[in-house]
2 protein chains.
Amino acid sequence: MRDKNPEKRIRILDAALKVFATRGFYNAKVSEVAKEAGVADGTIYLYFESKDALLIALFEDRMQRLIARANDEIARTEGTVLDKIRQAIALHLSLVLDDPDLAEFITVELRQSGKFVKEYDNPKFTEYLRIFRDLVLAGQEQGLIRRTVDARLVVRAIFGALDELLLTLSLTHRNRSVDLNATVDGLCDIFFDGIRARPAH
Amino acid sequence: MRDKNPEKRIRILDAALKVFATRGFYNAKVSEVAKEAGVADGTIYLYFESKDALLIALFEDRMQRLIARANDEIARTEGTVLDKIRQAIALHLSLVLDDPDLAEFITVELRQSGKFVKEYDNPKFTEYLRIFRDLVLAGQEQGLIRRTVDARLVVRAIFGALDELLLTLSLTHRNRSVDLNATVDGLCDIFFDGIRARPAH
DNA sequence: CAACGCTGAATGAGCGTTCATTCGGTTTCG
DNA sequence: CGAAACCGAATGAACGCTCATTCAGCGTTG
């Protein structure tokens, strides 16, 4: 189940992403994934236990890559913790253009996985959130981020906003061309400084 | 299809909410909804065209109620536009305790509806977002909210945060008792004033 | 030729939907 | 007024189709 032909396993995962993203997990047929991968239906079952297991493996794989990329880009980013948060936000939103299938997959399918793929609590997702949380905590220690805000809440709020935006962008970017930079700047502006008008002083 | 017995139609919708929320739309059987409603399987089809149509009708119905409640509570709320936004946030999050099934339904099923229930673009959802947008726009006209932020983006960010929070709360509140007020205050603090530490002056 | 990866047609369980039948209520008629 | 005829909502067993999964056989390799 594990090895055999690693390249074929990858082809199946790639195909699954494409098919699940376009048709949705429940509407997708295993035979469609097989066809897209250029493989026989039965071959899928030489590499994955079941359709559910394929879904989970796909999560693990893609989240792992996203985590690696995020850590990497954050490490590369010069500047304050706030700059690093901006970079993480930019990376997340860039998925719409970089990998639209992954964007749709994450925004739509991630929701159910926790709830309906039994006993799977999605550790990779938690790990991804931890990246943001660590940045916020570091910012608070450095005095760059207010200590009165709850880091956990900030992370949920930011991720929620990103997720919703990614979904909206995914569903509309066929038409309009998107200015991601403007969106990233706008979001950071909101989260960093709030929407309340400050009296001149 | 429309009437016959309106009370029975309501029973079916209530049952559908319960079953869809606990098992998920795709895992839920029509026969389970029928059983929960105390009706025969075939009766469902006297009131709704199909399982999909039942899902959509459920959306319409529940979103309509939510919109009505939000408009009502906002109208009742004394104070500035920011106070009204706080009230709308509080209402949304209060679903976890008030109507946990509806909370799970909205957070999990709303995601797919746009994408997979064909040609259904969910006008009620748009209407719900408009409530927030109008508040933000009013706030900008009154000089209470910065004019430089994009109202549409603010609304998406707030709704995204609310949605994510509602999901998290739904999945965990079995264990911990939740302090909703603290969460609402925390969120408003973040969105109103941002997370950046302001230098003393 | 043994072992193994792979194939894809066959299987059969699951489930949305249908429809012949039931039955409580209402109207018609003697 | 009582009975017969009718109505149509409700029922739930049965249908038929859709896949996830299996497995007997094929080609390939060492």
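None of these values were measured; they are calculated from a predicted model.

(A) Up close: the environment of Phe25(B). All names here are of chain B. Considering the arrangement of structural elements, one finds Phe 25 in the loop between helix H1 (6–23) and helix H2 (30–37). Given a relative accessible area of 4%, Phe 25 falls into the buried group. It is 10.0 Å that separates the C-alpha atoms of Phe 25 and Gln 112, two residues lying 87 residues apart in sequence. Beyond its immediate stretch of four places on either side in the chain, Phe 25 contacts Phe 20, Lys 51, Asp 52, Leu 55 and Glu 109.

(B) Main features of the pattern of salt bridges. Across all of its chains, the model carries 36 salt bridges over all chains by this definition. A salt bridge links Arg76(A) to Asp72(A); the nearest nitrogen and oxygen atoms lie 3.0 Å apart. One end of the pair is Arg76(A) and the other is Asp72(A), both in helix H4 (residues 51–76) and 4 residues apart, which spans about a single turn. With its nearest N and O atoms 3.3 Å apart, the salt bridge here joins Lys18(B) to Glu36(B).

(C) Just the protein's contact with DNA strand D, in detail. Around DNA strand D, the surrounding shell holds 17 residues, and the nearest of these are Val30(A), Tyr45(A), Ala40(B), Thr43(B) and Tyr47(B). Taking the atoms of DNA strand D that fall within 4 Å of the protein, sugar and phosphate contribute 73% of them. Between DNA strand D and Tyr47(B) there is a distance of 2.8 Å, counted from a phosphate oxygen to a side-chain nitrogen or oxygen. Those elements that provide at least two residues to the surface near DNA strand D are helix H3 (41–47) of chain A together with helix H3 (41–47) of chain B.

(D) Spatial organisation of the relation of the copies chain B and chain A. After a rotation of 180° and a shift along the axis of 0.0 Å, chain B superposes on chain A with an RMSD of 0.0 Å. Such a combination of turn and shift is consistent with a two-fold rotation axis. If distances are taken from each C-alpha of chain B to the rotation axis, the shortest is found for Gly194(B), at 1.9 Å. A symmetric contact is evident, with 100% of the interface residues of chain B recurring at the interface of chain A.

(E) Spatial organisation of the side chain of Glu73(B). Residue and element names in this part refer to chain B. In this fold, Glu 73 is placed in helix H4 (residues 51–76). Side chain to side chain, Glu 73 and Gln 87 meet in a polar contact 2.8 Å long. Other than its neighbours up to four places away in sequence, Glu 73 contacts Gln 87 and Leu 91.

About the criteria used
Each chain carries its own residue numbering, running from 1 in the direction its sequence is written. The lettering of chains begins at A and the numbering of ligands begins at 1, in the order of writing. Given that this is a predicted model, residues contribute local features only at a pLDDT of at least 70 and side-chain atom pairs are listed and counted only at 80 or more, while totals for whole chains, interfaces and linings are drawn from all residues. Excluding hydrogens and water, the side-chain figures rest on all heavy atoms present in the structure. A run of H or I in DSSP becomes a helix once it reaches four residues, and a run of E becomes a strand once it reaches two; helices and strands are each numbered from the N terminus. A simple rule labels every residue: compare its accessible area, found with a 1.4 Å probe on the protein chains alone, to the largest value its type can have, and call it buried under 20%, exposed over 50%, or partly exposed in between. Here, two residues are considered to be in contact whenever any of their heavy atoms come within 4.5 Å of each other. We define a salt bridge as a side-chain nitrogen of Lys or Arg found within 4 Å of a carboxyl oxygen belonging to Asp or Glu. In these notes, residues near a molecule or strand are those with any non-hydrogen atom within 4 Å of it. Counted as a polar contact is a pair of N or O atoms within 3.5 Å, where, for protein atoms, one must be capable of donating a hydrogen and the other of accepting one, and residues adjacent in sequence contribute only when both atoms are in side chains. To superpose the copies, least squares is applied to the C-alpha atoms of every residue with a pLDDT of at least 70 in both.

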